[in-house]
Amino acid sequence: MVTLTQPGSGIPRRTGHRPGADRTVTVTAPGKVNLQLSVGPLRPDGYHELLTVFQAVSLADQVVARHSEVLTVTSSGLASPPMPLDGSNLAARAAQLLATEAGIAPAVHLHLHKRVPIAGGMAGGSADAAAALVACSRLWDLRLSTDDLLQLAERLGSDVPFTLLGGTAVGTGRGERLAPLPAAGIWHWVFALDRTGLSTPDVYNRHDHLQAGRTPPEMALSSALLDAISTGNPRDLGRALRNDIEDAVYSLRPDLRRTIEAGRAAGALGALIAGTGPTCAFLVADRASAHTLVSALSGIGGTARYGYGPVAGPLSF
Ligand code: C5P
């Protein structure tokens with residue numbers, strides 16, 4: 001079922017769109033890794049207050065939009081864990097939301113080429129929503145501003161605004177309030193993929209359970225991390241990586257500690273769970289070391305992918 005949201009974000013309503021039936025619009029949106037993820041208290045709206053540093057990476061999803069009688073979604077690329085292709089798919093929800101706001105039918109076929117892990121903690125669904133928003137607004141010639149698209153993105157999910165913009169950025173609120181961070185250079189990452197996903201709400205619930213009765217951690221940006229981002233030194237960045245929600249992830253998936261240790265033993269400069277997991281992210285010195293680590297992790301039975309960051313999103317800052 002398609003989730004309909006209330007019209008009224010101020011987007012001009014259109015009575016129709018140009019035919020151009022054969023036209024396709026292709027938009028790519030990046031996955032992300034959180035270089036710092038500090039989790040504050042649970043808010044009354046069910047979200048946690050966050051202080052995070054996002055980095056968009058070259059492991060990205062592509063969305064191809066073309067006119068169609070009805071809203072349909074297909075996919076290629078990564079296929080596990082399974083992803084719904086009905087109206088609950090985040091790309092479909094993005095198309096539906098945009099069409100509702102513009103006062104038109106969501107007459108689009110979306111093909112998602114998946115490279116960002118599904119339910120992997122790298123904002124794969126958010127990237128699809130971000131790419132679908134931009135692709136549909138171009139296909140339907142809606143001429144929306146960046147602010148219009150960011151407002152819609154925020155309604156679709158906490159990470160969708162970041163996957164629209166990309167780069168490296170501080171995220172606050174539930175992750176949707178963004179401030180760009182100038183980053184020196186390019187960092188090389190290896191991502192150990194997992195065949196099963198983790199549910200984000202489950203990980204946050206486990207975090208709350210583990211934190212119950214404890215003093216909440218201080219919510220401050222790590223100065224070591226900020227220094228490493230501004231100088232570009234991968235060794236310093238490797239040491240400064242920090243994810244507060246890792247213990248909750250390990251509590252649900254203790255086996256991931258072995259993957260993290262295997263990556264460290266094979267030469268990673270830094271290792272952490274990507275967002276709410278279960279993808280494990282390893283920072284390495286250069287592209288050659290990345291390929292060595294991809295082979296090492298594949299050798300112990302896993303699937304690993306190379307990606308560099310930061311990369312721009314479809315809109316950029
Ligand atoms: O915003 P999004 O739909 O991606 O969030 C999915 C779920 O993750 C939320 O329903 C909530 O349970 C959890 N979440 C949270 N705090 C955040 C972001 C997400 O608790 N800042």
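Everything in this summary refers to the structure shown in the same document. (Residues numbered from 1 in each chain as written. Predicted model: local features only at pLDDT ≥ 70, side-chain atom pairs only at ≥ 80, totals over all residues. Heavy atoms only, no water.)

1. Things to note about the site of the ligand
No. 1: Within the structure, the ligand sits among Gly-46, Tyr-47, His-48, Leu-50, Gly-157, Ser-158, Arg-174, Thr-200, Pro-201 and Tyr-204.
No. 2: Here an oxygen atom of the ligand and a side-chain polar atom of His-48 are 2.7 Å apart.
No. 3: Side-chain polar atom of Ser-158 to an oxygen atom of the ligand: 2.5 Å apart, as the coordinates give it.
No. 4: For the ligand, whose unbound accessible area comes to 450 Å², protein coverage reaches 74%.
No. 5: In terms of residues, the shell around the ligand owes the most to one element, helix α5 (residues 200–211), which gives 3 residues.
No. 6: Taken together, the residues of the shell around the ligand break down into 4 nonpolar, 5 polar and 1 charged. (Near = heavy atom within 4 Å. Polar contact = N/O pair within 3.5 Å; in protein donor to acceptor, adjacent residues only side chain to side chain. Areas by Shrake-Rupley, 256 points an atom, 1.4 Å probe, with all protein chains shown as cover. Helix = DSSP H or I, 4+ residues; strand = E, 2+ residues; numbered from the N terminus. Nonpolar A, V, L, I, M, F, W, Y, C, P; charged D, E, K, R; others polar.)

2. Points about the environment of Phe-191
No. 1: Note that Phe-191 resides in strand β7 (residues 187–193).
No. 2: C-alpha separation for the pair Phe-191 and Arg-115, spaced 76 residues apart in sequence, amounts to 11 Å.
No. 3: Once residues within four sequence positions are removed from consideration, Phe-191 is found in contact with Val-33, Val-57, Leu-59, Met-122, Thr-279, Cys-280, Ala-281, Thr-303, Ala-304, Arg-305 and Gly-307. (Contact = heavy atoms within 4.5 Å.)

3. Points about unusual backbone geometry
No. 1: A cis amide bond, omega 0°, links Ser-80 with the succeeding residue Pro-81.
No. 2: Among the secondary structure elements, Pro-81 is positioned in the loop between β3 (72–77) and α1 (90–102).
No. 3: Residues Gly-277 and Pro-278 are joined by a peptide bond in cis, for which omega reads 5°.
No. 4: Positionally, Pro-278 belongs in the loop between β9 (270–273) and β10 (280–284).

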